[in-house]
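The chain contents come next:
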Amino acid sequence: MSIDIADKLGVKVSYNNKNSSGFICHGDDYSYVLTAKHSICKSNPNDCKFKHKKCDTCVFSGVAKTKVSICKPDTDTFPLCKVRDILLSPKKDVAILVLNEKSHLDLKRKELPSTKIINTANYNSSHKFVSCGYPAINEHQSVQPLHYNNFSLFRNEKICLQIISDTLTALEDPKNGLSGNSGAGIILNSSSCVGLLGLYTDTGDYGICYGDIVDFSINELLTSSGYVPLEMEEDLSNNFKALIQSDFMECFVRVECDLNLDKNRIVNLYRLCLDGKKYDYVKIGDRLIDCIPSFSLSRKQLMRCRERNTFGNATLSAIRNFLKIERKTKISEMLLQGFLESYLHAPKLYSFDEINNAGFHGAHVKFNKNRNIELIHSAAFISNSLSDGVSYAIDAILKAYPELRSLDGLLGNTFLETNFTEDECQILASLLIPGESSYSQGYEDRLAIFIGYNHKIEETLIYENASRFPSLLEQKIILNVQQALEYRQEEINKLSIVNATIDCFFVPFDDVNKFNDEFIESLKNEEA
């Protein structure tokens, strides 16, 4: 299917006896052929490399539109295409050949498949791509399909792929054999999506090729010249954001420390904000009340309440649901959710009450800029001492991690439809569950633990200068954490068998159990 589409949209581009490839992008009101900028340049790319000139940033003039030939020499049914205008990207090795009205109508009558420009943020090395160009291997006279995998970004501005076609094995000199493939459109190899990733621009060694991404800058070039922009796919993860925002972090102060557990073991040490020389429990209590709806209600329920402007009733319902939960760790679970959503920008996927997956208290999903997706399994604890809390956490991880089940078995249609909006269901299924769609990337497991523990503010500190008090308090906290981790070092070493990043959030309280009890009592008063 994808090879057929790539063939229909792939063309040969000739200029001044130089043969290259191109890709047709069209809509109701426009027809463009995208090609490599160096395909229609009078200079030889190798000469430019010798002079340290880059095709990406080179903007030349004097291209004779009448000398640009667009054809498919291996078919008799392709119409003669004439160029009305030529646009050159100032930052990419990309040229846009704008076809004249007659050529546009001729192509429209052929009912060619439509494409959209896909967003690189939605794809990774597991996806496969294809192209159909007119390289030298076929003397530029017939189309040559190529298959690609191992997609990645190169220096954040180019696409890099591995050619997996048998074509390479038949070539003594791949670089010369694939000369003229520049400008070929690299499209997603999928039966459900006709998506253009970018244009082939260069052949490297060992079957590696490079290309330029077709992105928003190409649309800026089109619109600034008065032409219709191309249809572009959005970054799907932008439509599934954390509900607890950064103001949650205003209740805490990060304690800068150089504490290491092991590789991929990230210690995040925080203390509560201060009210004078005491922890400000009122501030954190107020903020936790704001977090209860996100903890106790589904995203679908919350969205419905916002649409109906019934958020006040939803908050009372959420408080009732929260009070019914019998787990002693429910407040620490909510604190961890706040950290994961506001600090790591990882929205909640499910909680312990929705899915009990191997004993973890919930899971969050984190969309990273490098297109990698992480599923963060969370566990929260309260303890009389940090040392005991670390011991509980390690024991829980070692027991629970081997029992984790895959998402496709957990997130059935019923769970998704019950807890998420229709758009969110599509995003989660397409990004997380293999086989659901062409976007599916799978995910990496990650762990997060929260330990709220007792660490009273020493009486001697209270008599210190007010300006020095915060730093002296933090020194005491860091020392306490160092001693606790050293004491549990043998148990910590056992975590080396767990192949996952672990984020550790440690927060001291004067009396964590007292704080829990008083917060629950305040909620009962709210409910009444």
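Right, let's walk through the structure included here. (Residues numbered from 1 in each chain as written. Predicted model: local features only at pLDDT ≥ 70, side-chain atom pairs only at ≥ 80, totals over all residues. Heavy atoms only, no water.)

A short note on the sheet that holds strand E4 (residues 69–71)
Taken in spatial order, the six strands of this open sheet run E4-E1-E2-E3-E6-E5, and their pairing is antiparallel. Since the sheet does not close on itself, it has two edges, and those belong to E4 and strand E5 (83–88), each with one partner. Across the sheet, the mean angle from the axis of one strand to that of its neighbour is 30 degrees, orientation sign disregarded. Note that strand E1 (residues 10–15) and strand E2 (residues 18–27) share six bridges and pair antiparallel. Residue pairing in the sheet places Ser 14 in a bridge with Asn 19 of E2. (Pairing = 2+ DSSP bridges. Helix = DSSP H or I, 4+ residues; strand = E, 2+ residues; numbered from the N terminus. Axes fitted to C-alpha atoms, helices over the stretch in contact; angles between N-to-C directions.)

Brief notes about helix H3 (residues 101–109)
Where H3 is concerned, the buried positions are Ser 103, His 104, Asp 106 and Leu 107. Mapping the buried residues of H3 onto a view down its axis gives an arc of 165 degrees, with all of them on the same face. Away from the buried face of H3 by more than 90 degrees, exposed residues Glu 101, Lys 102 and Arg 109 are located. On the buried face of H3, the contacting elements are E2, strand E3 (30–35) and strand E6 (95–99). (Buried < 20%, exposed > 50% of the residue type's maximum accessible area, 1.4 Å probe, protein only. Arc of directions from axis to C-beta. Contact = heavy atoms within 4.5 Å.)

Some details on the side chain of Arg 299
Its location among the elements puts Arg 299 in helix H7 (residues 299–308). In terms of polar contacts, Arg 299 uses its side chain to reach the backbone carbonyl oxygen of Lys 241, at 2.9 Å. Excluding its chain neighbours within four sequence positions, the residues that come into contact with Arg 299 are Phe 240, Lys 241, Leu 243, Pro 347, Lys 348, Asn 419, Phe 420 and Glu 424. (Polar contact = N/O pair within 3.5 Å; in protein donor to acceptor, adjacent residues only side chain to side chain.)

Some thoughts on the sheet that holds strand E19 (residues 362–367)
Reading across from one edge, E14-E15-E22-E21-E20-E19-E18 is the order of the seven strands in this open sheet, with mixed pairing throughout. Two strands close off the open sheet at either side, each with one partner strand: strand E14 (252–254) and strand E18 (348–351). Put simply, the sheet's adjacent strands are angled 25 degrees from each other on average, direction ignored. Examined bridge by bridge, strand E20 (residues 373–383) and strand E21 (residues 444–454) share 10 bridges and lie parallel to one another. The residue bridging Leu 375 from the neighbouring strand is Asp 445, located in E21. Running over the sheet, helix H9 (residues 330–342) touches E14, strand E15 (265–272), E18, E19, E20, E21 and strand E22 (501–509) and is turned about 145 degrees from E20. Against the sheet, helix H15 (residues 469–487) contacts E14, E15, E21 and E22, and its axis sits at roughly 140 degrees relative to E15.

Considerations on the packing of aromatic side chains
One pass over the full model with this rule turns up 20 aromatic pairs. Where Tyr 30 meets Tyr 32, the ring centres are 4.7 Å apart and the plane angle is 20 degrees; that geometry is what we call stacked. Pair check on accessibility: Tyr 30 and Tyr 32 agree, each one buried. A centroid spacing of 4.8 Å and a plane angle of 45 degrees characterise the contact between Phe 252 and Phe 339, whose relative ring orientation is tilted. Residue Phe 252 is located in strand E14, and its partner Phe 339 is located in helix H9; the two are separated by 87 residues in the primary sequence. Classification of Phe 252 by relative accessible area gives buried; the value is 7%. Under the relative-accessibility criterion, Phe 339 is labelled buried at 0%. Linked through ring pairs, Phe 248, Phe 252, Tyr 270, Phe 339, Tyr 343, Phe 450 and Phe 505 together constitute an aromatic cluster. (Phe/Tyr/Trp six-rings, centres within 6.5 Å; stacked < 30°, edge-to-face > 60°.)

Points about the pairing of strand E10 (residues 158–163)
With five of its six residues buried, E10 lies for the most part within the structure. Sheet topology places strand E9 (residues 144–154) next to E10; five bridges connect them, and they run antiparallel. Bridging from a neighbouring strand, Tyr 148 pairs with Ile 163 of E10. Strand direction decides the pairing type here: E10 and strand E13 (residues 208–213), joined by five bridges, are antiparallel. The partner of Ile 159 across the bridge, within E13, is Gly 211.

Remarks on helix H10 (residues 386–400)
Taking 1.5 Å as the rise per residue, H10 with 15 residues should run 21 Å; its terminal C-alpha atoms sit 21 Å apart, in good agreement. Residues of H10 that are buried sit in contact with E20, E21, H15, helix H16 (489–493) and E22. (Expected span 1.5 Å × (residues − 1).)

So, the environment of Pro 293
Following the sequence through the fold, Pro 293 ends up in helix H6 (residues 281–296). A relative accessible area of 3% places Pro 293 in the buried class. C-alpha separation for the pair Pro 293 and Leu 243, spaced 50 residues apart in sequence, amounts to 9.8 Å.

Section: the pattern of salt bridges
Tallied over the entire structure, the rule returns 20 salt bridges. Between Asp 395 and Lys 399 there is a salt bridge; the shortest N-O distance is 3.4 Å. Residue Asp 395 and its partner Lys 399 are located together in helix H10, separated by four residues, close to a single helical turn. Judged by its relative accessible area of 59%, Lys 399 is exposed. One continuous salt-bridge network, built from bridges that share partners, spans Asp 56, Lys 158 and Asp 212. (Salt bridge = Lys/Arg side-chain N within 4 Å of Asp/Glu carboxyl O.)

Notes on the side chain of Ser 14
By secondary structure assignment, the location of Ser 14 is in strand E1. What makes Ser 14 buried here is its relative accessible area of 14%. A distance of 2.9 Å separates the side chain of Ser 14 from the side chain of Asn 19, its partner in a polar contact. With sequence-adjacent residues up to four places away left out, Ser 14 is seen in contact with Asn 19, Lys 67, Val 68 and Ser 69.

Comments concerning the packing of H10 against H15
Any two packed helices are characterised by the angle at which their axes cross and by the distance between the axes. Between H10 and H15, whose axes approach to 8 Å, the crossing angle comes to 45 degrees. Accordingly, the angle class assigned to the pair H10 and H15 is oblique. Regarding H10 and H15, the two cross each other, and that crossing is right-handed. Listed contacts from H15 to Leu 386, Ser 387 and Val 390 of H10 are Asn 480, Val 481, Ala 484, Leu 485 and Tyr 487. Across the contact of H10 with H15, the residue classes break down as six nonpolar, two polar and no charged. (Parallel < 35°, antiparallel > 145°, perpendicular 65-115°, else oblique. Left-handed = near helix turned anticlockwise from the far one by under 90°. Nonpolar A, V, L, I, M, F, W, Y, C, P; charged D, E, K, R; others polar.)

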